[in-house]
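# Reading the structure
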Amino acid sequence: MTRYIKILTALTFSGIILFSSVTQAQDKPFNEDFSTYEIGASPRSIKTNGVAIVAHPQGQEGKWLSVKDQATYKLNRLTGFPASFTFEFDVLAMAESIKDIAPVCFGFVKDNAAREHLSNAGAFIQLHYRDADAVNIGNYELKKETGTTFDLSSTTNRPLHVKLVVSGTQMAVYLDDTKLAQTELFAPKAAKYFYFSGPWQFDNGSKLFISNLKTTL
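Residues numbered from 1 in each chain as written. Predicted model: local features only at pLDDT ≥ 70, side-chain atom pairs only at ≥ 80, totals over all residues. Heavy atoms only, no water.

## Digging into the overall build of the protein chain
For clarity, the cut-off: Strands are runs of DSSP state E lasting at least 2 residues, helices are runs of H or I lasting at least 4, and numbering of each runs from the N terminus. Only protein chains enter the accessibility calculation, which uses a 1.4 Å probe; a residue is then buried when its area is under 20% of its type maximum, exposed when over 50%, and partly exposed in between. By definition in these notes, contact holds between two residues if any of their heavy atoms fall within 4.5 Å.
In terms of regular secondary structure, the protein chain is built from one helix and 15 strands. For the protein chain, the proportion of its 217 residues judged to be buried stands at 46%. Sequence separation of at least 24 residues holds for 65% of the intrachain contacts in the protein chain that already meet a minimum separation of 6.

## Observations concerning the side chain of Asn136
With respect to the helices and strands, the residue Asn136 is situated in strand β9 (residues 134–139). Residue class for Asn136 comes out buried when judged on its relative accessible area of 18%. Look past the residues within four positions of Asn136 in its chain and what remains in contact with it is Phe124, Ile125, Gln126, His128, Glu145, Thr146 and Gly147.

## Regarding the pattern of salt bridges
Here is the rule we go by: A carboxyl oxygen of Asp or Glu within 4 Å of a side-chain nitrogen of Lys or Arg is what we treat as a salt bridge.
In this structure the tally under the stated criterion is four salt bridges. Residues Lys110 and Glu141 are paired through a salt bridge, measuring 3.1 Å at the closest nitrogen-oxygen approach. Pair noted here: Lys110 is in the loop between β7 (104–109) and β8 (123–128) and Glu141 is in the loop between β9 and β10 (144–149), with a separation of 31 residues, a long-range link. Overall, Lys110 belongs to the exposed group, its relative accessible area being 52%.

## Considering the pairing of strand β12 (residues 170–175)
Quick note on the threshold: Any two strands are treated as partners once DSSP identifies two or more bridges connecting them.
Along β12, five of the six residues are buried, which leaves the element largely enclosed by surrounding structure. Where strand β11 (residues 159–167) lies against β12, six bridges are found, and the strand directions are antiparallel. Bridged to Val165 within β12 is Ala172. Where β12 meets strand β13 (residues 178–184), six bridges bridge the pair, whose relative direction is antiparallel. Looking at the pairing, Gln170 lines up with Glu184 of β13. Hairpin remark: β12 followed by β13, antiparallel, with two residues in the connecting loop; positive phi at Asp176, about 50°.

## Some remarks on the nonpolar core
Going by this rule: Put simply, a nonpolar core is a bunch of buried Ala, Val, Leu, Ile, Met, Phe, Trp, Tyr and Cys residues held in one set by side-chain atoms that sit within 4.5 Å of each other.
With 48 residues, the main nonpolar core has Phe89, Phe108, Leu127, Tyr129, Met171, Phe194 and Phe196 as its most contacted residues. In terms of residues, this core owes the most to one element, strand β6 (residues 84–94), which gives five residues. The next biggest cluster of nonpolar side chains, apart from the first, holds six residues, and it includes Cys105, Val109, Phe124 and Tyr195.

## So, the layout of surface pockets
Note the cut-off: Points on a 1 Å grid, built from protein atoms alone, make a cavity when a 1.4 Å probe fits but cannot get out and make a pocket when they are open with protein on both sides within 12 Å along at least 5 of 7 lines; residues with an atom within 4 Å of a point are the lining residues. Grid points are joined across faces, edges and corners, and a volume is the space filled by probe spheres set on the points. For this classification, Asp, Glu, Lys and Arg are treated as charged, while Ala, Val, Leu, Ile, Met, Phe, Trp, Tyr, Cys and Pro are nonpolar and the rest, including Gly, are polar.
By volume, the largest pocket is sized at about 200 Å³. As for the largest pocket, its lining consists of 14 residues, and the residues nearest its centre are Pro57, Ser66, Met94, Lys207 and Phe209. Of all elements in the fold, only β4 (64–67) and β15 (207–216) reach the threshold of two or more residues within the lining of the largest pocket. Broken down by class, the residue content of the lining of the largest pocket amounts to seven nonpolar, five polar and two charged.

In structure tokens form, the structure reads like this:
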């Protein structure tokens, strides 16, 4: 009887450790500026259906992830984000004209698989570089979509700061500290995994990069 009790206690104790480690992994902030990687390296913090390469864009500070056409990038983590958090990152569109870049989208989906290029999946924000100022925000599963404007042409060849503030089923979207929307974009208790999808096409040697990804819980 004593032996049985000891085993049960050990299993219970192990269960507590396991549960605790999962909770810590889920609640652990994510921060990535690619500074620890060599130029040309593939960062372990990122997963993709395409190619992930660390680069140093000419005239810019720091290191960036080079975003390829028809590629979707996700964070290499096992668990989704909690119910409430803030996620921030920078987007760098380098081009002769912002219209040389096809639309890009990013947001949060229910799983972390990186098998295919995603377009307007889950709770999404789409930057219509071709139009130079159009932004779409929505979630087709909830039959939600709204269109707004932001001067994307003014962000050519400089970092655009993105901030997404999630609180339960709600998300507020900021570009360069300009609030574009705050609306219901998630089903209750929906899992939330971040993704960033490159454009379908680049023209005239244009390029796109992202960096300085971080969460605040």
